[in-house]
Amino acid sequence: ETGVTQSPTHLIKTRGQQVTLRCSSQSGHNTVSWYQQALGQGPQFIFQYYREEENGRGNFPPRFSGLQFPNYSSELNVNALELDDSALYLCASSSGGSGNFGEQYFGPGTRLTVT
Amino acid sequence: ILNVEQSPQSLHVQEGDSTNFTCSFPSSNFYALHWYRWETAKSPEALFVMTLNGDEKKKGRISATLNTKEGYSYLYIKGSQPEDSATYLCAPTNAGGTSYGKLTFGQGTILTVHP
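The rules we used
- Residues numbered from 1 in each chain as written.
- Chains lettered and ligands numbered in written order.
- Predicted model: local features only at pLDDT ≥ 70, side-chain atom pairs only at ≥ 80, totals over all residues.
- Heavy atoms only, no water.
- Salt bridge = Lys/Arg side-chain N within 4 Å of Asp/Glu carboxyl O.
- Buried < 20%, exposed > 50% of the residue type's maximum accessible area, 1.4 Å probe, protein only.
- Helix = DSSP H or I, 4+ residues; strand = E, 2+ residues; numbered from the N terminus.
- Contact = heavy atoms within 4.5 Å.
- Buried area = accessible area lost by both parts, 1.4 Å probe.
- Polar contact = N/O pair within 3.5 Å; in protein donor to acceptor, adjacent residues only side chain to side chain.
- Nonpolar A, V, L, I, M, F, W, Y, C, P; charged D, E, K, R; others polar.
- Phe/Tyr/Trp six-rings, centres within 6.5 Å; stacked < 30°, edge-to-face > 60°.
- Disulfide = S-S within 2.5 Å.

Q: Looking at this structure, I do not really get the pattern of salt bridges. What am I missing?
A: Charged atoms that come close allow side chains of opposite charge to pair. Tallied over the full model, the rule gives eight salt bridges over all chains. Put simply, Arg57 of chain A and Glu54 of chain A hold a salt bridge, and the shortest N to O gap is 3.4 Å. The partly exposed category is assigned to Arg57 of chain A, whose relative accessible area is 31%. Overall, Glu54 of chain A belongs to the partly exposed group, its relative accessible area being 39%. Arg61 of chain B is the salt-bridge partner of Asp84 of chain B, the closest N and O atoms lying 2.8 Å from each other. Of the two residues, Asp84 of chain B sits in the loop between strand E8 (72-77) and strand E9 (86-94) while Arg61 of chain B sits in the loop between strand E6 (56-59) and strand E7 (62-67), which places them 23 residues apart along the sequence. With relative accessibility at 3%, the residue Asp84 of chain B sits in the buried group. Through salt bridges that share partners, Arg63, Glu82 and Asp85 of chain A make up one connected network.

Here it is as structure tokens:
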């Protein structure tokens, strides 16, 4: 077990709605990264937060946004949900913005279904 | 955006067989290569972090090699067991700039070991 937790485990939303996913990082880690894993693909990088600031973003539209809190937990918010947003959302924590050559510790994911 | 390819996409082997898979990535600006094992309904688990050309790492029956000049890594499993069944993901990370410490995953190799 990595010590990274995510909530909720599963979520069903309707197209056009908004969703918030949560992640608690491993103790001692100050960096959280979010990934989207669609069926048949590897995880795709959404963005990373380091000490409460966004520290890099992948190829995702602005309706994907995030926050990191002083305790280094993080939220991923998705507005105006689309059917293609249905995926497993993973968060991963690490230390120092890169720590051990970028090694990251993953949570179990949140399965989002958009209908 | 890094172009990461893993092959084969899926593999079925018998218990006791040895197997290997490939991860190909751009060799320019290389920083590190990560291998993860992802069992169904669990979090991706870090196997190896590899940084040096010619690096070899071993963990029990699993080993990996790295060639940064030509941009590939091999993962080997000796004497496969049913508990090795999982998706194996590789993720290179580049040095410098906003991509520093960000993982770009391949689509994974799904290994099924039949008893």
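Read on for the rest.
Q: Explanation requested: the interface of chain A and chain B in the structure shown.
A: Opposite the 23 residues of chain A that make contact, chain B presents 21 residues. Taking both sides of the interface into account, the surface hidden between chain A and chain B amounts to around 1,700 Å²; carbon and sulfur atoms contribute 65%. By the criterion of area lost to chain B, the three top residues of chain A are Pro43, Phe101 and Phe106 of chain A, representing 34% of everything that side buries. Where chain A meets chain B, there are zero salt bridges. At the surface where chain A touches chain B, the tally comes to three residue pairs in polar contact (both at pLDDT 80 or more). Among the elements of the structure, strand E4 (31-37), strand E5 (44-50), strand E6 (53-57), strand E9 (87-94) and helix H1 (99-102) of chain A are those that each provide at least two residues to the side of chain A that touches chain B. Top element by residues in the side of chain A that touches chain B is H1 of chain A. It accounts for three residues. For the side of chain A that touches chain B, the residue count by class is eight nonpolar, 14 polar and one charged.

Q: For this particular structure, what's the right way to read the packing of aromatic side chains?
A: Each aromatic ring pair is described using two quantities: the centre-to-centre distance and the angle formed by the ring planes. Here the structure, examined in full by the defined rule, presents 12 aromatic pairs over all chains. Seen in terms of ring centroids, Phe106 of chain A and Phe105 of chain B are 5.9 Å apart; in terms of plane orientation they differ by 65°. Their pairing is edge-to-face. Taken together, the residues span two chains, with Phe106 of chain A in strand E10 (residues 105-106) and Phe105 of chain B in the loop between E9 and strand E10 (109-114). Residue Phe106 of chain A is classed as buried on the basis of its relative accessible area, which comes to 0%. Given a relative accessible area of 7%, Phe105 of chain B falls into the buried group. Judged by centre distance (5.0 Å) and plane angle (40°), the ring pair of Tyr72 of chain B and Tyr74 of chain B falls under tilted. Exposure remark for Tyr72 of chain B: the relative accessible area of 24% places this residue in the partly exposed category.

Q: Can you help me understand the state of the cysteines in this one?
A: By definition, a disulfide links the sulfur atoms of two cysteines through a covalent bond. All names here are of chain A. One pass over the full model with this rule turns up two disulfides over all chains. In this model Cys23 forms its disulfide with Cys91; the gap between the sulfur atoms is 1.9 Å. Given an S-S torsion of about 65°, the disulfide between Cys23 and Cys91 has right-handed geometry. One end of the pair, Cys23, is in strand E3 (residues 19-24); the other, Cys91, is in strand E9, and 68 residues separate them in sequence.

Treat this as a map of the structure, not an account of what it does.
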